[in-house]
Amino acid sequence: STLFFVGVDCSKFKVHVTVLDKTSEIVAFHVFESDEKKDIERMVEIKILFHDWLFNFSKKMSAPTNEIVVTVEGPVFLQNPKVSADISRSIYAVEIACIELFYPCFEYQNTTWKKHVLGNGSCSKEDILKFSQIKWGRETFKVQDHADAACIALHQLLLLSIDDKTKGVKPDGKKHKNHNK
């Protein structure tokens, strides 16, 4: 069986998705964009777009619900509460789509996945992009948010320790500090 790890990075109007297979190779990128001005209409549109994409992706890959794991970055609370609320609605839209389709969906704060994947919970966007370019290739990422989404997916893959090749091992080949084996 093939497992797919869907990493999701949300903003107010866009949702960036990067999909990894169980060996951490990139399988797909996708972007959902809503130009709806009203909050609820934007949330509904993002939910429908993500729902349809996830359904079609699973069909295309012949992957049942237990072979796709969705991981989304949790809301970041910014100085502007309106922007924080807008981003939260995009995140919840993705989570609702997963619930409707019976796909497992995990949410982690950015400091959690950054610390696990890059070793520093407060690393910069530049650090994430540099790591991603080393791991997956310099020309792989045209958009920073896809690098974030790839690392979010990698975080979940490493947490689940799916096969012996990746169990407890970071992409640079070193063991995770907290791994017991």
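Residues numbered from 1 in each chain as written. Predicted model: local features only at pLDDT ≥ 70, side-chain atom pairs only at ≥ 80, totals over all residues. Heavy atoms only, no water.

Asker: Before we go on, may I ask you to explain the overall build of the protein chain in this structure?
Answerer: A count of helical and extended segments in the protein chain gives 5 helices and 5 strands. Ordered by position in the sequence, the α and β elements of the protein chain form the string β-β-β-α-β-α-β-α-α-α. Taking all 181 residues of the protein chain together, the buried fraction comes to 47%. Sequence separation of 24 or more characterises 57% of the internal contacts of the protein chain that already satisfy a separation of 6 or more. For the protein chain, the accessible surface area stands at approximately 9,400 Å², while carbon and sulfur atoms represent 55% of it. (Helix = DSSP H or I, 4+ residues; strand = E, 2+ residues; numbered from the N terminus. Buried < 20%, exposed > 50% of the residue type's maximum accessible area, 1.4 Å probe, protein only. Contact = heavy atoms within 4.5 Å. Areas by Shrake-Rupley, 256 points an atom, 1.4 Å probe, with all protein chains shown as cover.)

Asker: Is there a simple way to think about the pattern of salt bridges in this case?
Answerer: Side chains that carry opposite charge are capable of pairing whenever their charged atoms lie near each other. All chains considered together, the criterion is met by 10 salt bridges. The residue K82 makes a salt bridge to D39 at a minimum N-O spacing of 3.3 Å. With a gap of 43 residues between them, K82 in helix α2 (residues 81-101) and D39 in helix α1 (residues 39-60) connect regions that are remote in the sequence. The exposure class of D39 is partly exposed, given its relative accessible area of 25%. Measuring nitrogen to oxygen at the nearest pair gives 2.5 Å for the salt bridge that ties D148 to K125. (Salt bridge = Lys/Arg side-chain N within 4 Å of Asp/Glu carboxyl O.)

Asker: What am I meant to see in the side chain of D21 here?
Answerer: Counting through the fold element by element, D21 comes out in strand β2 (residues 14-21). A polar contact of 2.7 Å, which involves the side chain of D21, links it to the side chain of T23. If we ignore the near neighbours within four places in the chain, the residues touching D21 are L3, F4, F5, V27 and L157. (Polar contact = N/O pair within 3.5 Å; in protein donor to acceptor, adjacent residues only side chain to side chain.)

Asker: What am I meant to see in helix α4 (residues 125-136) here?
Answerer: For the α-helix, the turn length of 3.6 residues means that residues three or four positions removed from each other point alike. Over its 12 residues, α4 runs 16 Å from end to end, which matches the ideal 16 Å to within 8%, given 1.5 Å per residue. Burial in α4 covers these residues: I128, F131, S132, Q133 and W136. (Expected span 1.5 Å × (residues − 1).)

Asker: What's the story with the packing of aromatic side chains in this structure? I'm lost.
Answerer: To describe a pair of aromatic rings, you give the distance between the ring centres and the angle between the ring planes. On inspection of all chains with the given rule, the structure shows 8 aromatic pairs. When the centroid spacing of 5.9 Å and the interplanar angle of 75° are considered together, the rings of F32 and W53 count as edge-to-face. One end of the pair, F32, is in strand β3 (residues 26-33); the other, W53, is in helix α1, and 21 residues separate them in sequence. According to the relative accessible area criterion, W53 is buried, its value standing at 12%. Ring geometry for F131 and W136: centres 6.4 Å apart, planes at 90°, overall edge-to-face. Comparing F131 with W136, the two get one shared label, buried. (Phe/Tyr/Trp six-rings, centres within 6.5 Å; stacked < 30°, edge-to-face > 60°.)

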